[in-house]
Amino acid sequence: MALIAFNSEQKLIQGEVRKFSRTELEPIAGDIDKNGVFPVEIIKKLSDLGLSSLIVPEKFNGADIDTTSLCIVLEELSKVCASISNILAVNNCLVAFPIMNYAPEQMKEHYLKKLAQGEIGAYSVDLGIDAPDANINVTETDGDCLVSGRHDFVLNGETANFFILPVCLTNGKALYLCEDTAGIQQIKHQILGMRAAGIVGFEYKDLRLMGDKCLLSADKAVHLLKKIQDYSNIGFSAISLGIAQAAFDASVKYSKERRQFGRAICEFPMVQEMLVDMKTRIEAARLFVYDAAAKFDKGQDYSLSANIARLISGDAAVFSGITAIQVHGGYGYIKDYPVERFLRDAKTVQVLQEPPHDLKSRIAKELLS
Amino acid sequence: MILHEKHKKFRQKVKDFADNEVAPRAKELDIKHEFPWDLVKRMAELELLALYVPKEYGGAGFDVLSYAIAVEEIGRVCGSTGIFLAAHSSLGVYPIFVAGTEEQKQKYLIPLARGEKIGSFGLTEPNAGSDAAGTQTTAKLVGDEYVVNGTKRFITSGSVADIIIFTATKDPAMGYPGISAFIVEKGTPGFSSGNEEDKLGLLGSITSELVFEDCKIPKENLLGKEGEGFKVFMATLDGGRISIGALALGIAQGALDASVKFVQENKRSGKPLKKSQSIQSMIAEMATEIEAARLLIYQAAMLKDHDMPYTKESAMAKYYASHIGMKATDMAITIHGMLGLTKAYPVERFMRDEKLMEIGEGTSEIQKIVIAREILGK
């Protein structure tokens, strides 16, 4: 596609991740979904290849790749296993990104190096940028704060070495880093999709957040929290794109193999239309995903592109998941084929952190301001 | 929807059963992949398993509209129990009711209608889905018996059924004219149920392979005339579509009910969710489309009750209800946000269950072909 031109380094990364996906992920993707097991070994392997702390700068031992490359990695991984892709998206977009851009220097040194070593960072999802969370109680005591209550969803929470959590203080919302994973009770969920991505709930009981672990103070957080959300939407949109593409690829393959009425079902116009409808949405999504990434890489305002990318690719993935099952008929409904997993993963990533109607209302606010 | 008093009363009776007895079991059936033997027994006691079959054959002596209402109400709380009811009534009971001889009715229809036996229908094969004429299972008449060989797949209630209606051909090269319908009883030598499928949804229902290996079936178990299997299963599927449509409708209604409850109970940024216009917009869309689907389904059921042609209407009803049902269940998760992904709410189950409604008993594509043929002619 003319508008998307990857450079040689980006193509190299694409090739490498494709190889990794084929040899390491494909054989286990169905199993880890079924068993809901966080793929510690795979993350270790990715980290050894320098593929886990992707956007972390070189001086902190990260891979230091650009956001276009990050999207390439996420797209390629989610073509095979969206759970693993999601783990990396969270590690990079919701954990590394805010630390790189907003944390004080010594905090960067400490946490970014941890990520570069393959540690997992988690992010507690709360109810949005300007909403207090009724489930969380915060007491401020000379610079520190004590948190009780629960976050229903902590992305990467299951095996996190440290996590970022938003808390509402008297003067607004702030972001804290916390390594005290021992002081937390995990709430296990059985989630529709992304079942190996380690999404759990955290229950806090007088969890102490140290003043010197404040990543983003309340006075400047609102604007920057939006930036974090925008940036993570680039990552989530790349995941949706990968799932959609995988659903399409599986449907093309199946429709060529499956014969009914004496011919391959891909010869039937209704099946062809389903394939074309998927492809149309996927290519539109792809343009927006890589447009948002390119804008970020060039230092341009990426907010609108990122959020549109998230909307379009989220829809494309759910549509492609549903349609891929349809193309497969009864076989699409059973676990012998991966398309039912694609639908579950697609719906899951679509509503992570910021469901479409919330995202639309945020986009509208920006458009009208 | 305006209903007569007797249908309103009937709906209330099924609704009470669904809310009080089925709903509390639904989540567990899904998580544990458990077949609802207890609910099957209760449905038999409540005479829900053969609603449109006359009392003399063990049925409730009601009508197809009542049947659609029952499937809808049960599907509203549990897709798995709903699909059992739909498969048993439309695919197990109906073919014998419509095509069986008096002896077959006495022997098979009565226990099926009373729920003493479980029924199932083996049409689909590994290589014959939408293309039902591509049946490769063979039945050769040898003396007084048919010798059957072949494999059926994706058969609802296959391994728990006592009485199975299935199709087989004299010769796979013959297409439709070669196909006949038969009745086989569980335990017949050479007949067994194979693998049970691990599915996306409807996890409390059983979907299995049926395997015939030189299975001998007495000649009197031929259902309908030889070579008229096509007629039997087309009639069966025409009626079956009403029940799958009703199930799609019920699941969609369940998703709407759950969403309404959620938005009434939850707030966002201190503001009740129900005050959010984008939420209102989704609720209104779901509710409108569900109501339209209900009209289509009840229309098809009433046409059938009046012995009027209903092929087009039942295809439309199934196609539309499953289509808007997918949309409604998808939207319900969106309304719930991430909470909708968890087992704390039923909406992710509804979406998984609903997807089968666009596939089973004729995919949406086949429905469209049926509808277009009715409109445009052959």
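Please read these numbers as outputs of a predicted model, since none were measured by experiment. Starting from 1, residues in each chain are numbered consecutively following that chain's sequence as written. Each chain takes a letter, starting from A, and each ligand takes a number, starting from 1, following the order in which they are written. Local features in this predicted model are restricted to residues of pLDDT 70 or higher, and side-chain atom pairs are both shown and tallied only at a pLDDT of 80 or more, whereas totals for entire chains, interfaces and linings draw on every residue.

What follows covers the interface of chain A and chain B. Chain A puts 33 residues into the contact, and the matching count from chain B is 33 residues. Along the lines of polarity and charge, the residues of the side of chain A that touches chain B split into 17 nonpolar, 10 polar and six charged. It is the C-beta atoms, placed from the backbone, that decide contacts: two residues are in contact if theirs lie within 7 Å. Classification convention: Asp, Glu, Lys, Arg as charged; Ala, Val, Leu, Ile, Met, Phe, Trp, Tyr, Cys, Pro as nonpolar; all other residues, Gly among them, as polar.

Let us now look at helix 9 (residues 347–355) of chain B. In this scheme every C-beta is placed from the backbone, and a residue whose C-beta has 20 or more other C-beta atoms within 10 Å is buried, one with 12 or fewer is exposed, and one in between is partly exposed. Strands here mean DSSP runs of E at least two residues long; helices mean DSSP runs of H or I at least four residues long; both are numbered from the N terminus. Counting buried positions along helix 9 of chain B yields nine of nine residues, so the element is predominantly enclosed. Inspection of helix 9 of chain B places B:Val347, B:Glu348, B:Arg349, B:Phe350, B:Met351, B:Arg352, B:Asp353, B:Glu354 and B:Lys355 among the buried residues, and these make up the whole buried set. Its buried side turned inward, helix 9 of chain B meets helix 8 (303–328) and helix 9 (339–351) of chain A together with helix 1 (5–32), helix 4 (79–99), helix 6 (229–265) and helix 8 (311–336) of chain B.

In this section: helix 4 (residues 82–102) of chain A. Three- or four-residue spacings in an α-helix give side chains the same orientation, since the helix completes a turn every 3.6 residues. Taking 1.5 Å of rise per residue, the 21 residues of helix 4 of chain A would be expected to cover 30 Å, and the 28 Å separating its terminal C-alpha atoms lies within 8% of that figure. In terms of burial, helix 4 of chain A is a largely internal element, 18 of the 21 residues being buried. Multiplying 1.5 Å by the helix residue count minus one yields the expected span of that helix.

Another aspect to go through is unusual backbone geometry. All names here are of chain B. If you check the backbone angles, Ser157 has positive phi at about 65° while not being a glycine. Tracing the chain through its elements places Ser157 in the loop between strand 3 (145–156) and strand 4 (163–169). In this structure Ser157 comes out as buried when scored by C-beta crowding, with 25 C-beta atoms within 10 Å. Backbone geometry places Glu361, a non-glycine residue, at a positive phi of 50°. Structurally, the position occupied by Glu361 is in the loop between helix 9 and helix 10 (364–376). With 28 C-beta atoms packed within 10 Å, Glu361 lands in the buried category.

Residue and element names in this part refer to chain A. Domain boundaries assigned for chain A yield domain 1 (8–116), domain 2 (121–219) and domain 3 (221–368). Contact residues are listed per partner, giving 23 residues for domain 1 and 24 residues for domain 3. When contributions to the side of domain 1 that touches domain 3 are tallied by element, the ones reaching two or more residues are helix 1 (8–35), helix 3 (67–80) and helix 4. By residue class, the composition of the side of domain 1 that touches domain 3 is 11 nonpolar, seven polar and five charged. Each domain span listed reflects an automatic or database assignment of domains.

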